[in-house]
Structure formats: C-alpha cells, structure tokens
Amino acid sequence: MRKIKLQEGVNLANLFGPQDLHLKMIEGELQVNMAARGDEITLDGQPESVLRAEHILQELAGWTRGRHELKPEDISRAIRATEEKRDSPLKPYTFSTNTNTHSTTKGRVNPKTPTQQVYLQAIKQSDLIIAIGPAGTGKTYLAMAMALAALTQKHVSRIILARPAVEAGEHLGFLPGDLFAKVHPYLRPLYDALYGMMDIDHANRLIERGEIEIAPLAFMRGRTLDDAFVILDEAQNATTEQMKMFLTRLGMNSKAIVTGDITQVDLPHSQKSGLTQIAEILVNIDGIQFVYFSEQDVVRHRLVKDIIKAYDRFEAESGSHNNGQGPRV
C-alpha cells in the first residue's frame, strides 16, 4: 500500500474525471485499488503496478495544472506510454494538445502514439508510404485525414481510395445486383472511415463530382493517377501482380499510401501477398518510407491490444507460421 500527495494547483475534478472515471480506468488497466481523500490518494496492489499508477497520476496532475482538460483517451494513452517503461515521461505528443493536428468537418484528428506521429511526418515528407501493422493502429484513419487535408488545401484535385475485393475467410457466393452492388460490401470500411470525418451529404457530393473515388483495386489497371492522393487499404490482400500494377499507376503530383497487416492475409495459400513482398523489394529507395506499427499503437477498445497479444503468443507457442496468414481481428 502506498500513499501519495498531489502538488498544489491540481484540478482534482479534472484529474479524477466524471464520477472518478479516470481513476477507474487506471484501476482496471493496472489492477490496483485507489482511494482518494482530498489531494491524497492511497494505492494498493502489486508494487510495480502501484509505482506505475503513481507515475501516471503525477504526470497527469501536472497537465491539469497547465489547464489541460483530461479526457478518457488521454488516460488510455498514458497507460500505453508506460507499458514498456514504468516511469516513461509523458511527452506532449502523447496528448490531444499536439500541434500536429488536422481538421475535418467533424473535429480534429491528431496522432495518439509516437508511431502515429512518425507516420504523419512520413506522409508529409515522402510520395510513397507503406504502413504495416495490426488492426486498430490508425493506419487508414490518419491516411484519410491527410488525404482530406490535401484535397481541402487544393494540393491535389482528387482522392482515390482502393481496396482488394477479397473475402475475409469465408465464401460469400453470388452477390445480387449491378457491379456497384457486388463490390460495395468490400469497400464499405472505406466509406465508414470517410463518413467518420465529414458529413455524409458533403462526402457524397464529393464522390458524385469525382473528387473522391472509392473503387476495387482491380479497377486501377491501365490508369495513370495524376494530381491525386491515393490510398490502398488492406494491401496484404493484394497479390504480387496487383501490387506492382498499383505502384506503377502513380502519376505527376501524386502521393500514395499503402496500408495493411501482414498477419491477416485472406489470399489463397498459393498466392503470396504483395505487401509482404514489397517490404523486401522497395527498401532504401529515396522517396519511399516504411512505417511499422505494433500492438502498442492500437487505439481501439483496450481489449483489442490484449487480443492481438494473445493471438501472437498462441501462434508462437504452436509454431504456426501459416505463410503470413492469420485470423482476422
């Protein structure tokens, strides 16, 4: 058991959160018990967890003195930031006060982890970025935010969003309707990401005018993509031939981002993932940057990271390599 006393000037209501939500989040994640009486907090649990919780509280308390209004996502980021090193300093970029933010019609998008910060810098600096990592790390979301910013600021005249039309581990059979109806289910996640950043009516108007195009990867063949911000999502499901085809579509004044998770390949076992291959081929080329995310960058529900770790442990213990193919998270 350990007692800590917070420094003067701490906004306790801000630090504790509504109905002590922030304290409860730390308790649940670190498996410690906390009891607050004024500016004194008693912590009980495993010594390492108690010291980590103390560090998080003291760091966050300092932010409240600087009039930073804490939110639940700030608490989650602080917990993630101290996973590898208990007393890791919580630098400004860990929080939503980061200056590297991008406006959308539904608010501001900002990096939540150091790797996301590196990712945004890579997008600014290079014309081809390959982002590889597990589900929930913000690869597509941040790419979409940067694409919309480029379109709004007239750095490009259009956004092109592509995805391989591959079934995720199950056969859907014949899909009724016209061509759009057949491919739409595969592209739905891109629409979801787009609608999450701007009003649906506005997004649909941009689509109707051709300023935003959402299409299956196969539709890219034979085209030259000039003056465009191009995103290839779920690229682990692009074949080696499709990947080469896509990368050679890039035209003048264009930028391309390729995102995917090489542990979630849905291609038949006889086909090699194009994303896995380019990680071996396109190294040390000026103008191309690779950004690798890990489970530490997961910004979905806290359980997602634990699920990814559990699958990794299971596959390592069972010796399952499966040619880069794994269960979809």
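Model, not experiment: these values are computed from the prediction.

Cut-off values and rules
Residues numbered from 1 in each chain as written. Predicted model: local features only at pLDDT ≥ 70, side-chain atom pairs only at ≥ 80, totals over all residues. Heavy atoms only, no water. Core = buried A, V, L, I, M, F, W, Y, C linked by side-chain atoms within 4.5 Å. Buried < 20%, exposed > 50% of the residue type's maximum accessible area, 1.4 Å probe, protein only. Helix = DSSP H or I, 4+ residues; strand = E, 2+ residues; numbered from the N terminus. Contact = heavy atoms within 4.5 Å. Pairing = 2+ DSSP bridges. Phe/Tyr/Trp six-rings, centres within 6.5 Å; stacked < 30°, edge-to-face > 60°. Polar contact = N/O pair within 3.5 Å; in protein donor to acceptor, adjacent residues only side chain to side chain. Expected span 1.5 Å × (residues − 1). Axes fitted to C-alpha atoms, helices over the stretch in contact; angles between N-to-C directions.

By size, the foremost hydrophobic cluster in this structure holds 35 residues, and its most contacted members are Tyr-119, Ile-212 and Phe-229. Elements with a contribution of two residues or more to this core: α5 (114-125), β6 (128-132), α6 (139-152), β7 (158-163), α7 (179-195), α8 (200-208), β8 (212-216) and β9 (228-232). Broken down by element, this core gets its largest block of residues, nine residues, from α6. When sequence neighbours within four positions are dropped, the list of residues in contact with Phe-229 reads Ile-123, Ala-143, Met-146, Ala-147, Ala-150, Val-156, Arg-158, Ile-159, Ile-160, Lys-255 and Ile-257.

The subject of this paragraph is the pairing of β7. Successive residues of a regular strand alternate their side chains across the two faces of the sheet. With six of six residues buried, β7 is to be regarded as a mostly interior element. Residues Arg-158, Ile-160 and Ala-162 line one face of β7 and the alternating positions Ile-159, Leu-161 and Arg-163 line the opposite face, and both faces are buried. Here β7 runs beside β9; their pairing, made up of five bridges, is parallel. Within β9, the residue paired with Ile-159 across the bridge is Phe-229.

The next point concerns the packing of aromatic side chains. Going through the model one piece at a time under the given rule, you end up with three aromatic pairs. Here the aromatic rings of Tyr-119 and Phe-293 are separated by 5.3 Å at their centres, their planes lie at 90 degrees, and the arrangement is edge-to-face. Of this pair, Tyr-119 sits in helix α5 while Phe-293 sits in the loop between β11 (288-292) and α11 (302-318), and the two are 174 residues apart along the sequence. The burial state of Tyr-119 is the same as that of Phe-293; both residues are buried.

Here Gln-236 is to be found in the loop between β9 and α9 (240-247). By relative accessible area, which is 1% here, Gln-236 ends up buried. Side-chain polar atoms of Gln-236 contact the side chain of Glu-234, separated by 2.7 Å.

Turning to the environment of Met-144, a few remarks are in order. Within the secondary structure, Met-144 sits in helix α6. For the pair Met-144 and Met-197, spaced 53 residues apart in the sequence, the C-alpha separation amounts to 8.4 Å. Beyond its immediate chain neighbours, meaning those up to four positions away, Met-144 contacts Leu-161, Leu-190, Ala-193, Leu-194, Met-197 and Ile-231.

What follows concerns helix α3 (residues 47-65). With 19 residues, α3 should cover 27 Å at 1.5 Å per step; its first-to-last C-alpha distance of 27 Å lies within 8% of that length. Looking only at α3, the buried set comprises Val-50, Arg-52, Ala-53, Glu-54, His-55, Ile-56, Leu-57, Leu-60, Ala-61, Trp-63 and Thr-64. Taken together, the buried residues of α3 touch β1 (2-5), α1 (12-16), α2 (21-30), β2 (33-37), β3 (40-44) and α4 (72-81). Within two residues after α3, Arg-67 carries a phi angle of roughly 65 degrees, on the positive side.

Take the side chain of Thr-42 next. Here Thr-42 is to be found in strand β3. Dropping the residues within four chain positions of it, Thr-42 is found in contact with Met-1, Arg-2, Lys-3, Asn-33, Met-34 and Ala-35.

Let us look at α8. The distance from a side-chain oxygen at the start of α8 to the backbone nitrogen of Asp-201 is 3.0 Å, and the residue carrying that oxygen is Asp-199. After α8 finishes, the residue Gly-210 shows a positive phi value of roughly 80 degrees.

Spatially, β8-β7-β9-β10-β6-β11 is the arrangement adopted by the six strands of the open sheet, whose pairing is parallel. A single partner strand is all that each edge strand has here, and the edge strands are β8 and β11. For this sheet, the mean inter-axis angle between neighbouring strands, taken without regard to orientation, is 15 degrees. In the packing of helix α10 (residues 274-281) onto the sheet, the strands contacted are β6, β10 (255-260) and β11, and the crossing angle to β6 comes to about 120 degrees.

The next thing to look at is the sheet that holds β2. If you trace the three strands from one edge of the open sheet to the other, you get β1-β3-β2, paired in antiparallel fashion. Two strands bound the open sheet, and with one partner strand each, they are β1 and β2. Mean inter-strand twist for the sheet, computed between neighbouring axes without regard to direction, equals 20 degrees. Relative to β3, β2 runs antiparallel, the two being bridged by five bridges. Of the residues in β3, the one forming a bridge with Asn-33 is Asp-44. Its contacts with the sheet put α3 on β1, β2 and β3, and the angle it makes with β1 is roughly 10 degrees.

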